[in-house]
Structures are given as C-alpha cells and as structure tokens.
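Tertiary structure, described
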Amino acid sequence: MSNPSIDLTIEGHVAILTMSNPPANTWTKDTLIALKTTVNELNDNKNIYSLVITGEGDKFFSAGADLNVFADGDKGVAATMSQVFGEAFEALTAFRGVSIAAINGYAMGGGLEVALACDIRIAEEQAQMALPEAKVGLLPCAGGTQNLAWLVGEGWAKRMILCGERLKADKALLIGLVEEVVAQGESFAAALKLANQVADQSPVAVSACKSLIQKGRTQPMAHVLPLERELFVGLFDSEDQREGVNAFLEKRKANWVNG
C-alpha cells in the first residue's frame, strides 16, 4: 500500500489531482492539509486555468473519512478533523479557476463532499453516491448539508442525508447532482476535455464570473446585480479584455495574459 497522498500532475493549463489512499481513497488529516495547500499553490500559478480531481484505481472515487479515526469518541480529534475537512473543501470551492470532479467510482461521505465542493461533476455509469454519516451517528461536516441542498434542493438532500438514500449515477444526473454521466473508465477523459475548454475563456473573466455565480448562494440578487455590472466594467482594466475582443474581430485564437 502506498502512502496516502494527493498526487499532482500538470497538463498544459490543467492541474490533475489524484486522491491516492488505497483501497478506498479515504481522507486523512495529512491528505486534507495537502489538498488545501495544493489548491492555494495552484491559485498562485497563473498558468493554471482549471483542475480535475479524481480517485486512484477503478472502484473508488473516495469513501470519505476513515472511521477508525472516530472510533474512540474523542471530541478533540473530531474538532480537528472537522476543521481540516472544512478548510480543505472550502479552499477547493474558492479555487479561482474551474474545478471538475471525475467520479470514477464510489463517492461516499467526505468523498462526495469533495465532489460537491467542485464546480462541475462528471460521473461514470457505475458510480454510486451517498452521504451516510447519520448511519454511524455523525453528520456531513465538510459542506455536505449546504452544498447538496443547494445543488439538488432540500427534498433530495433530506432523502440522501436523513434517509440514507444512495444514488446511482443515472439518478444523480436526473436530480442535478452531477452534470454528466459517461461510460465506465471515461470520467477522467471527459473531465480533462472540459477542463481544456476553459483555456478558450479569459482566466480573469472566468474568475469574475465564478465569484458572481457563487455569491448567489449567500447574497440576494439585488446586491449581486450591481456587483455584476461593476465587475464587467472592471474587466476593461485588463489586457485580457482587449486581447479577447481583438482576437474575435481578427478571427484568431486569443493569447491570454491573465491580467
């Protein structure tokens, strides 16, 4: 068994993060800290426009937390783990580019929560998803109760969390939990293709658009609409705005400078 880790590779403008903790790619304190650190470093790398996160192997995306950590009922451990879970997944949600989860197998508990923290989810047809924490006397503490309800509505969030309902990929697609379902073994390729499409957009514009979309979760539309117009005008301070418009008019590919 390899040491648990978050493996990072770069392909062009795409960062690829692989959860590597066989056999079920469970989260540890160290891997959660590594995820937060990695995402923050990617934010500082202006050549990275998007990221794909997936699980090692062909059975598990991630089974979430290792319950052995909580077996002795230590509240101090619980406090520490909930903190590092929250910080890691909130960092992923705040990534300035586009994050895509390639769900290549079971996504359970914290394994589904990391996918919920991403912008887009692509699942393989055999994948199954659940937030089963209440079955063991716990609750999803890394954004699950909020992100799931925001994506699929309160009713389905309650079915999954309160009733312990596990969803297959086709049902997840139907209710909006994932945006696409692909054949077994094809989630990474599909996610990478979508991630590469991000390079056609201005990174500065993408970051601004993403921040506006996500503000809809916490602020009323009346507050966000003026900010939308403000950020639109602010883009005219960027070189990317001039490059994008001129590239379109000159019928050529834009050369983004991310500024």
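If you're wondering where the values come from, they're calculated on a predicted model, not measured in any experiment.

1. Details of the layout of surface pockets
Estimates place the volume of the largest pocket at around 500 Å³. If you go around the largest pocket, you meet 25 residues; those closest to its centre are Ala65, Leu67, Phe70, Glu133 and Leu138. Those elements that provide at least two residues to the lining of the largest pocket are helix 2 (75-93) and helix 3 (110-116). Of all the elements, helix 2 adds the most residues to the lining of the largest pocket, at 5 residues. Taken together, the residues of the lining of the largest pocket break down into 15 nonpolar, 5 polar and 5 charged.

2. What about the pairing of strand 2 (residues 14-20)?
For strand 2, the buried fraction is high: 7 of the 7 residues fall into the buried class. Covered by surrounding structure in strand 2 are Val14, Ile16, Thr18 and Ser20 together with Ala15, Leu17 and Met19, the residues of both alternating faces. Looking at chain direction, strand 1 (residues 5-11) and strand 2 are connected through 7 bridges and run antiparallel. Along strand 2, the bridge assignment pairs Glu11 with Val14. Between strand 1 and strand 2, which pair antiparallel one after the other, the connecting turn spans 2 residues, and Gly12 there sits at a positive phi close to 65 degrees. Sheet analysis places strand 2 next to strand 3 (residues 50-55), joined by 6 bridges and oriented parallel. Along strand 3, the bridge assignment pairs Leu17 with Ile53. Taken together, strand 2, helix 1 (residues 29-44) and strand 3 form a β-α-β motif whose crossover is right-handed.

3. Quick look at the sheet that holds strand 9 (residues 167-168)
Strand order in this open sheet of 4 strands is 4-6-8-9, and the pairing throughout is mixed. Whereas interior strands pair on both sides, the edge strands pair on one side only; in this sheet they are strand 4 (60-62) and strand 9. Two strands pair when backbone bridges link them, and strand 8 (residues 128-130) and strand 9 are joined in this way by 2 bridges, in the antiparallel orientation. Within the sheet, the bridge partner assigned to Gln128 lies in strand 9 and is Lys168.

4. A few points about the sheet that holds strand 1
In space, the 6 strands of this open sheet follow the order 1-2-3-5-7-10, with mixed pairing throughout. A strand with exactly one partner marks an edge of an open sheet, and here the two such strands are strand 1 and strand 10 (180-182). Each strand of the sheet is rotated relative to its neighbour by a mean of 20 degrees, with strand direction disregarded.

5. A word on the packing of helix 1 against helix 2
For the pair helix 1 and helix 2, the least separation of the axes is 8 Å and the interaxial angle reads 25 degrees. Classified by the angle between their axes, helix 1 and helix 2 sit roughly parallel to one another. Both helix 1 and helix 2 take part in a crossing whose hand is left-handed. For the pair helix 1 and helix 2, contact is made by Lys29, Leu32, Ile33, Leu35, Lys36, Val39 and Asn40 and by Thr80, Met81, Val84, Phe85, Glu87, Ala88, Phe89, Ala91 and Leu92, respectively.

Conventions adopted
Residues numbered from 1 in each chain as written. Predicted model: local features only at pLDDT ≥ 70, side-chain atom pairs only at ≥ 80, totals over all residues. Heavy atoms only, no water. 1 Å grid on protein atoms, 1.4 Å probe; cavity = no way out; pocket = protein on both sides within 12 Å on 5 of 7 lines; lining within 4 Å. Points joined across faces, edges and corners; volume = space filled by probe spheres on them. Helix = DSSP H or I, 4+ residues; strand = E, 2+ residues; numbered from the N terminus. Nonpolar A, V, L, I, M, F, W, Y, C, P; charged D, E, K, R; others polar. Buried < 20%, exposed > 50% of the residue type's maximum accessible area, 1.4 Å probe, protein only. Pairing = 2+ DSSP bridges. Right-handed = clockwise from strand over helix to strand, strands pointing away. Axes fitted to C-alpha atoms, helices over the stretch in contact; angles between N-to-C directions. Parallel < 35°, antiparallel > 145°, perpendicular 65-115°, else oblique. Left-handed = near helix turned anticlockwise from the far one by under 90°. Contact = heavy atoms within 4.5 Å.

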